[in-house]
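Structural features, examined
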Amino acid sequence: MSNLKMKEAALIYLDRSGGLQKFIEDCKYYNDSKQSYAVYRFNILINPSDVVELDAELGNHILHQPLKAAQVFQSVCFIAIKTLSLIGQLQTETQINIVLKLTHLPPLPSYGLDLCKFPLDYTSQRFYVMQGIVIAMTTVTKYTQGARFLCSDEACPLSQGFQYIRVHVPGATESATVRNDFLCHLCASSLQEDRKFRVLGDKQIVEVITAKALCAFQGVSNNQPFRFQSLTIFLRDESVNKMSIGNEYKIIGIPTCVKTSQTAVCVEANSITFCNPRVSSGISDNFRCLLSLTSSSRWKFTAILANIFASHIVPPGTYNLLKLCLLMSLVQTSDRNKEVEDCLDILIITNDTLLVDRLLKFSINLVPRGIHHPVSSEIFPTLARNKYGTGAVSIQAGSALLAKGGICFTGDLSLHKKDKLEQLQSVLESRTITVYIPGKKFGDDIDQQMTFPVQCSFWSFIDTDSSPKRNVQKTNTLIGQMDCSLIPANLVEAFGLLINCNESSPCNPLLPTVQHTLKKAIDPEGLLYVASKQFTTEDFGKLLAFAKNLHVEFSLEAERMIHGYYLANRRIRTDSICGSTLSASALKYLVSLSEAHARLNLRNKVLKEDVLIATLLFETSLTLKYGATVFCVAPNAVFPFELYNEEYLEQRDVYLTQCQQQLQQFIATYGPGPAIFSSDE
């Protein structure tokens, strides 16, 4: 009676949810097909909350005994087919393969699978929900979805018909579905597969890790021991190719123990949902007050941010140019599927690698996907043999794809091999990476290739004191040009921003840094400056989380200024022999820099003041790469004075206003003129 009641509830649920109508349409497809089927597969969408409200026992079966629940729906669907004559060829109930697709699970701790807790439950054969980031995935292969077997004894009545049907169940290997040692229940003769009725499906294997494990890739330890382990997810049929490397997903599935060449806990995925990150609700009161106090200027707020940023690593007033660029790059990251045009890559030339390395390591921890790439591992995807012996090749993410929507800090480029630098240059130019899969090496007849978008910003530096070439540097022939011969010139050009950050630079006075280092050696945990107490690391994290999700648009005058500067600069940096030294991506970087400065000011509109900062940073970078031109910018143009008090901020505003007038004069002299802009630009 209990089973009959559940069948009745299943039929009522199908009718109310619209599942019965979809089931009838699927049956029509099978009935109209000229192909003969041994197995008829149906997906049924289940809302556990609605089912529990309708019938608690059926809901309990779905949540805790999904295989038995599928049998209930299988019986209901078989009766419906026979009663309504939906599929004429169907003979037995075993030919129906029901797959229950759950919309969600109850938001209770007992239904969550924490990837950080061990051991994982793989014996209950019930649904769990888990969340993880994809770090590896295989190519798509085939598996046996269902098969028909016949008794080998022709005299046996079961030597024909569809009595022996085997279908894949969660956790089963290929040999559990198809092998040659099955026996007939009636006469004990061996069963033989009728191969023409074998049903094949698509299969893909992915590996995920919990987001908590990213701390292992960020280069900063809190001295707390931890361990993490990737979890293998089996995707089948409709779920294949629904996951991408680097993305985070919520997965509903059944944990199982798979025994192949090694025993491992895996999950048969039932449903997959892309995880939309939480959007920050606001900024701290101290930053809100600072924004209000500096509202009369378009430049003061970001200047103060750069001045006080990372004050526990470098004293306020030092490395301001670098810190501003880092903050602008951080606000151009995104927790969502960002556009590659937003990326802001930074290459630093320095002989003070210790402080620069510390500063960059600290900064990447302010975004969810800040990855510190170790030289011993791979930046880009690599190939490996699939450990589950399915014949598919496994594509391992690498640091760049793992940093999707964030920052990939590659460290000192002089430590990387030539082929890796060439690969990095190609990715910086195209924003894609192509993986070639040789068929012969991995047991396939044909070669394959897969292309992945690279959606992160790259931070790198070059240690000018570490290379044997430092004593044989070439003589610069152009004013302002810097010797970057330690790495290929094309790679230097591929970075959006080139920053000179040496101890001897006037922007980085040595005495405050020495005093700061000595004080930190005496009191490592002490807060040496008032700014460190007023604006904490947590405050900066909230500020960046809020700013990077702002949607910004260009004002008309900002758009005119950025295009005018680009065209004028392209004109003066072009000669008849070498062509233009301005790369095709120059306009993209100018737009990204302007947007970043507007976001850092917590504005939704890009103004001409933002474009000025963008052009000064970009022109400084161009000067280091190719030398100065008519539009000559000082190395410290963005921070011409040490920011001690309000008076110095006012002087900086006056100086930047003069720079803006010079920029407008430069555009008027060398730009295309007003005729280039149409009325509906």
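Small disclaimer: the values here were computed from a predicted structure and weren't measured. (Residues numbered from 1 in each chain as written. Predicted model: local features only at pLDDT ≥ 70, side-chain atom pairs only at ≥ 80, totals over all residues. Heavy atoms only, no water.)

1. Here's the deal with the overall build of the protein
Where we set the bar: Per the convention used, a helix needs a DSSP run of H or I reaching at least four residues, while a strand needs a run of E reaching at least two, with both numbered from the N terminus. Categorising residues by exposure relies on relative accessible area from a 1.4 Å probe, with only protein chains included: less than 20% of the type maximum marks a residue as buried, more than 50% marks it as exposed, and the intermediate range marks it as partly exposed. When checking whether two residues touch, look at their non-hydrogen atoms; a contact exists if any pair is within 4.5 Å. Every accessible area reported is derived by Shrake-Rupley at a probe size of 1.4 Å, with residue values counting cover from the shown protein chains alone.
If you tally the helices and strands in the protein, you get 20 helices and 23 strands. Among the 681 residues that make up the protein, the fraction classed as buried is 52%. For the protein, contacts bridging at least 24 residues in sequence account for 75% of all contacts bridging at least 6. As displayed, the protein has an accessible area near 31900 Å², and 52% of this comes from carbon and sulfur atoms.

2. Describing the packing of aromatic side chains
Cut-off, in case you're wondering: Ring pairs are drawn from Phe, Tyr and Trp, using the six-membered ring of Trp, whenever the two centres fall within 6.5 Å, and their geometry is named by plane angle: stacked under 30 degrees, edge-to-face over 60, tilted for the rest. A ring has a charge above it when a Lys NZ or an Arg CZ is no more than 6 Å from the ring centre and no more than 35 degrees off the ring normal.
Here the structure, examined in full by the defined rule, presents 20 aromatic pairs. Relative to F42, the ring of F23 has its centre 4.7 Å away and its plane inclined at 55 degrees; by these criteria the two rings are tilted. With a gap of 19 residues between them, F23 in helix α2 (residues 19-32) and F42 in strand β1 (residues 40-46) connect regions that are remote in the sequence. Taken individually, F23 and F42 each receive the classification buried, so the pair is uniform in this respect. Aromatic pair F287 and F540: ring centres 5.1 Å apart, planes at 80 degrees, arrangement edge-to-face. Here F287, found in helix α7 (residues 285-293), pairs with F540, found in helix α16 (residues 537-547); they are 253 residues apart in sequence, far enough to count as distant. Of the aromatic side chains, those joined through ring pairs into one cluster are F23, Y29, Y30, Y37, Y40 and F42. Directly above the ring of Y128 sits R126, whose terminal nitrogen or CZ lies 4.2 Å from the centroid. One cation-aromatic arrangement involves K588 over Y589; the distance from NZ or CZ to the ring centre is 4.6 Å.

3. Remarks on unusual backbone geometry
Although it is not a glycine, Q125 sits at a positive phi angle of roughly 55 degrees. Here Q125 is to be found in the loop between β2 (96-102) and β3 (128-138).

4. A word on the side chain of Q425
With respect to the helices, strands and loops of the structure, Q425 is situated in helix α12 (residues 418-430). Not counting chain neighbours up to four residues away, the residues in contact with Q425 comprise N490, L491 and A494.

5. Section: the sheet that holds strand β12 (residues 370-372)
We count it as follows: Paired strands are those between which DSSP finds at least two bridges. Axis definition: a line fitted to C-alpha atoms, over the contacting stretch in the case of helices. Angles run 0 to 180 degrees between N-to-C directions.
Ordered by their spatial adjacency, five strands build an open sheet running β12-β15-β18-β11-β19, and the pairing between neighbours is parallel. Of all the strands in the sheet, the pair left with one neighbour each is β12 and β19 (497-500). Geometrically, the sheet is characterised by an average inter-axis angle of 15 degrees between neighbouring strands, direction not taken into account. When strand β15 (residues 407-412) meets strand β18 (residues 457-463), the two strands line up parallel, connected through five bridges. Paired with G411 across the strands is S460, a residue of β18.

6. Things to note about the packing of helix α9 (residues 320-331) against helix α18 (residues 586-600)
Our working definition: Note on terminology: angles under 35 degrees are roughly parallel, angles over 145 are roughly antiparallel, angles of 65 to 115 are roughly perpendicular, and the others are oblique. Nonpolar residues are Ala, Val, Leu, Ile, Met, Phe, Trp, Tyr, Cys and Pro. Charged residues are Asp, Glu, Lys and Arg, and all others, Gly as well, are polar.
Their axes nearest at 8 Å, the elements α9 and α18 cross at an angle of 90 degrees. It follows that α9 is roughly perpendicular to α18 by the angle criterion. Along the contact surface, α9 presents L324, L327, M328 and V331, while α18 presents L593, A596, H597, R599 and L600. Of the residues in the contact of α9 with α18, the class split is seven nonpolar, one polar and one charged.

7. Structural notes on the confidence of the model for the protein
Put simply, the rule is: Every residue is assigned a pLDDT by the predictor, reflecting its confidence on a scale from 0 to 100.
Model confidence for the protein is summarised by a mean pLDDT of 87, while 89% of its residues fall at 70 or above. In the model, residues 469-473 has pLDDT below 50 throughout and makes five contacts with residues more than four positions away in sequence or in other chains. Every residue in residues 675-681 is under pLDDT 50, and counting partners more than four places away or in other chains gives five contacts.

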